[in-house]
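Examination of the molecular architecture
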Amino acid sequence: MSKPKNKRLVLFFIDEIDAVGRHRGAGLGGGHDEREQTLNQLLVEMDGFEGKEGVIVLAATNRPDVLDPALLRPGRFDRQVVVSLPDIKGREEILQVHMSKVSVDNDVNPEVIARATPGFSGADLANLVNEAALFAARGNMKTVTMQEFEAAKDKLTLGAERHMVMSDYDKKLTAYHEAGHAIVGLLVGNHDPVYKVTIIPRGMALGVTYFLPEKDRFSMSKAQIESQISSLYGGRLAEELIFGEQSVTTGASNDIEKASELARNLVEKWGLSEKMGPINYGSGDQEVFLGKSMQNKRDISDETVKHIDLEVKRVVSENYQRAKKILTDNIETLHLMAEALVKLETLDTKQIQSVMDGEMPTSVDKKPKAKTARKRTTTKKNVVKKDK
């Protein structure tokens, strides 16, 4: 057989294929749904390519779990390339690419920023640089310094600051709540270091305690999970110890939700409970019907469900008592950190360490702005334009 002559390579790229390639027959719109017709036409066109035609079709999606199985059959999108989030080195190189478009001060260290942004994607890092440039533009600065990058990172990770007037009581209660999280996280062991504590309202929260892992994490041990559960209850316990049981607020509702989810996953899903054994008691299969995700009924007995509930309660109770003992034994440190938060509103790593050493931290003086820039490919006028 002779080889075809003048074979041309044609490349088609489909972005967000899950918009048209979702699983059919799920009760969404019926068989004549416009999206289903588009998918059918796409499959027909792909089957029409002949071997002598150099046609390659690529598609991208963030939701491979909802794609119709017909798209993934041999001869169609049967080769999958998973693009994972960048590691520290990758984040540093991505930051350098985006920093080349703005005037960056000499004090900016991409390696430090990359180490402090685990889990950030390329788009997140681009947004980080843009936010830092906007902070610099609002301050009429000629270059973007490390201070602007810190402010941008706080905005993206902790949420935007909310300007609201808090009473002295609410401010004090929030300070003790966040101090409880920080102290338990610092002393419980097998926990990420505390990066920053603030009682400045951000997003939907009145205060935030931010823990930053020392390196990229790909899995968690049982000790790390239980330490997280303990630190999540630190805020509620601080309120209870200082203001009494009747004065505990609803501010810990999200903490309780996260701690309960971790405890249940530890027992049901991850097989880390000695009593229940390395068995997955949850159902990972899900069906979509009328736009709602419905879990299949678990094939376990009522007696097993009872034991699971008791084991989840035991995990939560033990870590709750552990957190309570830590705060009770370090009550003076709790008072000092809450006092420092009321005074300074935000504590960084060095100030938190001062509190743990029994000293009242002082405010950090801002560093003088450097006059020279490391890269100056974008003028001040272009930086201001980003805010529009």
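First things first, this report covers the structure right here in the doc. (Residues numbered from 1 in each chain as written. Predicted model: local features only at pLDDT ≥ 70, side-chain atom pairs only at ≥ 80, totals over all residues. Heavy atoms only, no water.)

Notes on the side chain of Lys153
The criterion, for reference: Elements are defined by DSSP. Helices are runs of H or I of four residues or more, strands are runs of E of two residues or more, and each kind is numbered from the N terminus. Each residue is assigned to one of three classes by its accessible area relative to the maximum for its type, calculated with a 1.4 Å probe on protein chains only: buried under 20%, partly exposed between the two thresholds, exposed over 50%.
Mapped onto the elements of the fold, Lys153 is located in helix α5 (residues 146-158). Using a relative accessible area of 2% as the deciding quantity, one classes Lys153 as buried.

With respect to the pairing of strand β4 (residues 194-198)
What counts, and what does not: Paired strands, in this sense, are two strands between which DSSP finds at least two bridges.
Most of β4 is tucked away: five of the five residues are buried. Where β4 meets strand β5 (residues 208-211), four bridges bridge the pair, whose relative direction is antiparallel. Paired with Val197 across the bridge in β5 is Thr209. Pairing geometry for β4 and strand β8 (residues 346-347), over two bridges, is antiparallel. If you follow Val197 over to β8, its bridge partner there is Leu347.

With respect to the packing of helix α7 (residues 222-232) against helix α10 (residues 302-329)
Worth spelling out the cut-off: Axes, fitted as lines to C-alpha atoms, cover a helix only where it is in contact. Angles between the N-to-C directions of the axes lie from 0 to 180 degrees. An angle counts as roughly parallel when it lies under 35 degrees, as roughly antiparallel when it exceeds 145, as roughly perpendicular when it falls between 65 and 115, and as oblique in every other case. Here a crossing is taken to be left-handed if its near helix is turned anticlockwise relative to the far helix by less than a right angle, and right-handed if that turn runs clockwise. Contact definition: two residues touch when any of their heavy atoms are within 4.5 Å.
Look at α7 against α10: their axes get within 8 Å of each other, and the N-to-C directions meet at 60°. Taken together, the axes of α7 and α10 are oblique relative to one another. Crossing of α7 against α10: the hand is right-handed. Along its contact with α7, which presents Glu226, Ser227, Ile229 and Ser230, the element α10 presents Val315, Asn319, Arg322 and Ala323.

Digging into the sheet that holds β4
One open sheet accounts for three strands, arranged β5-β4-β8; its pairing is antiparallel. Single-partner strands in this sheet number two, and they are β5 and β8. Contacts from α5 reach β4 and β5 within the one sheet, and its direction differs from that of β4 by about 80°.

Considering the nonpolar core
This is how the line gets drawn: Each nonpolar core is a collection of buried residues, namely Ala, Val, Leu, Ile, Met, Phe, Trp, Tyr and Cys, held together in the definition by side-chain atoms within 4.5 Å.
Residues Ile229, Met337 and Leu341 are the most contacted members of the largest nonpolar core, which totals 43 residues. At the level of secondary structure, the elements contributing two or more residues to this core comprise α6 (168-187), β4, α7, α8 (234-243), α9 (253-269), α10, α11 (331-344) and α12 (349-356). Of the residues forming this core, the biggest block, eight residues, is contributed by α10. Leave out the neighbours within four places in its chain, and Leu341 touches Ala175, Glu178, Ala179, Val197, Thr198, Ile199 and Leu347. Counting 20 residues, the second largest nonpolar core, distinct from the first, contains Ile88, Phe120, Val144 and Met146.

Remarks on the environment of Val316
Relative to the helices and strands, Val316 resides in helix α10. For the pair Val316 and Tyr233, spaced 83 residues apart in the sequence, the C-alpha separation amounts to 9.3 Å. Apart from the residues lying within four places of it in its own chain, the contact partners of Val316 are Tyr233 and Ala263.

Points about a nonpolar patch on the surface
Under the convention used in this document: Patch definition: residues above 30% relative accessible area lacking any salt bridge, with like charges linked at up to 9 Å and the nonpolar side chains Val, Leu, Ile, Met, Phe, Trp and Tyr linked at up to 5 Å. Here the accessible surface of atoms and residues is derived via Shrake-Rupley with a 1.4 Å probe, and residues count as covered only by protein chains that are part of the display. Only one rule defines a salt bridge in this text: a Lys or Arg side-chain nitrogen within 4 Å of an Asp or Glu carboxyl oxygen.
Together, Leu11, Phe13, Ile56 and Leu58 give the surface a local cluster of nonpolar side chains, amounting to about 400 Å² of exposed area. For the nonpolar patch, the secondary structure elements donating two or more residues are β1 (9-14) and β2 (54-59). Residue position: Leu58 is located in strand β2.

Thoughts on α8
Most of α8 is tucked away: seven of the ten residues are buried. Of the residues making up α8, those classed as buried are Gly234, Gly235, Leu237, Ala238, Glu239, Glu240 and Phe243. Those residues of α8 that are buried are in contact with α6, α7, α10 and α11. Positive phi appears at Gly244, one or two residues downstream of α8, with a value of about 95°.

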